[in-house]
Amino acid sequence: MWLPAVSIPLLPAFIMLSSRYRVKVVALCHGALAWALRMMRGRVCVRSTHAFVFCKCTHGNADSVLETFDLYGDTHPSVCIGPQIGEVLDEAVRRVRPSRVLELGMHCGYSSVRLLRLLPSAGRLVTVELDPLTAELGEEIILVAGFKHTQFQVLTCSSGESIPTLHSFLEPDQGTSEGFNLVLMDHDPHQYLPDLLALEREELLCPSGCSVLLIIRDLRAESLREIMDYIKAKPECYCIKAELQFMIEIFFQKESTGVTVNHV
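Residues numbered from 1 in each chain as written. Predicted model: local features only at pLDDT ≥ 70, side-chain atom pairs only at ≥ 80, totals over all residues. Heavy atoms only, no water.

Chemist: Can you explain the overall build of the chain? Please cite residues and give values.
Modeler: Helix and strand counts for the chain stand at nine helices and seven strands. Out of the 264 residues belonging to the chain, those deemed buried represent 45%. Restricting the contact set of the chain to residue pairs at least 6 apart, pairs at least 24 apart contribute 72%. Entry remark: accessible area of the chain is about 14400 Å², with carbon and sulfur atoms responsible for 59%. (Helix = DSSP H or I, 4+ residues; strand = E, 2+ residues; numbered from the N terminus. Buried < 20%, exposed > 50% of the residue type's maximum accessible area, 1.4 Å probe, protein only. Contact = heavy atoms within 4.5 Å. Areas by Shrake-Rupley, 256 points an atom, 1.4 Å probe, with all protein chains shown as cover.)

This is the structure we're talking about:
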């Protein structure tokens with residue numbers, strides 16, 4: 001009986017606050033619901049995607065694995081980037097010709113396989129995935145595609161936890177600078193800017209040039225505006241190479257290298 005007596009006098013204050021912050025509250029609730037649905041769909045998707053690809057692809061054939069992923073995506077919900085974005089990713093990899101690649105967000109291993117099949121024989125991929133199930137099944141798909149553990153490393157942790165440890169996975173080659181030549185970000189977009197800052201701070205971006213590919217799943221995301229504002233505010237070391245509906249490619253280089261950036 002005491003609850004109505006306490007709450008009724010506070011009702012005008014609740015109404016005023018709800019009116020003032022209604023938009024923010026609604027946005028927050030929608031964001032939380034969308035995140036929960038993505039997490040639930042992602043886990044279900046990983047299991048069903050893995051089973052479909054594992055059973056129907058030709059083992060040891062990376063192209064067959066990708067084609068089977070695409071076949072699954074034609075008839076089922078999927079969080080994989082798909083062939084349209086995949087072809088743009090392929091073009092970027094062929095142009096950059098990286099030897100060391102960092103992938104943040106594994107999504108069943110689809111992007112990992114696309115990346116690995118275009119790396120040189122001595123190339124290496126480090127992929128970071130927060131969800132243990134996704135990491136485990138994604139790693140199995142990479143092995144099914146015919147790649148060996150000497151060619152890649154899967155880290156099961158958050159991107160923030162992984163970045164300070166990445167130096168141990170980079171073995172400097174003769175005549176090359178340390179750092180990743182290409183970074184693919186397809187994880188939590190709110191982590192894009194913090195992780196880019198962390199990669200800079202740890203000096204993990206190749207100083208002579210590193211392409212950073214940002215997968216865009218929500219054009220309205222505030223986090224996307226934040227990282228773009230940061231890039232535009234640092235023209236001495238960043239430029240936007242390509243800006244597409246579903247992916248943005250930015251290029252990093254240290255000013256002291258004296259390398260001229262050619263826009264495309």
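Next, the rest of the story.
Chemist: Requested: an account of unusual backbone geometry, with residues and values cited.
Modeler: Despite not being glycine, His 107 shows a phi value in the positive range, around 50°. Along the chain, the position of His 107 falls in the loop between strand S1 (100-104) and helix H5 (110-116). Even without glycine at this site, Glu 203 takes up a positive phi of about 55°. Counting through the fold element by element, Glu 203 comes out in the loop between helix H8 (192-201) and strand S5 (210-215).

Chemist: How would you explain H8 if you had to name every residue and give the values?
Modeler: Among all positions in H8, only Tyr 192, Leu 193, Asp 195, Leu 196, Ala 198 and Leu 199 are buried. Glu 203, located one to two residues past H8, shows a positive phi value of around 55°.

Chemist: Break down the packing of aromatic side chains for me, citing the residues and quoting the values.
Modeler: This model, assessed by the stated rule, comprises four aromatic pairs. One aromatic cluster is present, formed by Tyr 230, Tyr 238 and Phe 252 through successive ring pairs. When the ring centre of Phe 251 is taken as origin, the NZ or CZ atom of Lys 241, which lies over that ring, is 5.6 Å away. (Phe/Tyr/Trp six-rings, centres within 6.5 Å; stacked < 30°, edge-to-face > 60°. Lys NZ or Arg CZ within 6 Å of the ring centre and 35° of its normal.)

Chemist: Give me the lowdown on the pattern of salt bridges, citing residues and values where you can.
Modeler: Applying the stated criterion across every chain yields a total of nine salt bridges. Taking the shortest distance from any N to any O, the salt bridge between Glu 249 and Arg 95 comes out at 2.8 Å. Taken together, the residues span a long stretch of sequence, with Glu 249 in strand S7 (residues 247-252) and Arg 95 in helix H4 (residues 82-96) at a distance of 154 residues. Residue class for Glu 249 comes out buried when judged on its relative accessible area of 2%. The salt bridge involving Arg 225 is made with Asp 229; its shortest N-O contact spans 2.9 Å. With Arg 225 and Asp 229 both in helix H9 (residues 222-232) and four residues apart, the pair spans about one turn of that helix. By relative accessible area, which is 46% here, Arg 225 ends up partly exposed. (Salt bridge = Lys/Arg side-chain N within 4 Å of Asp/Glu carboxyl O.)

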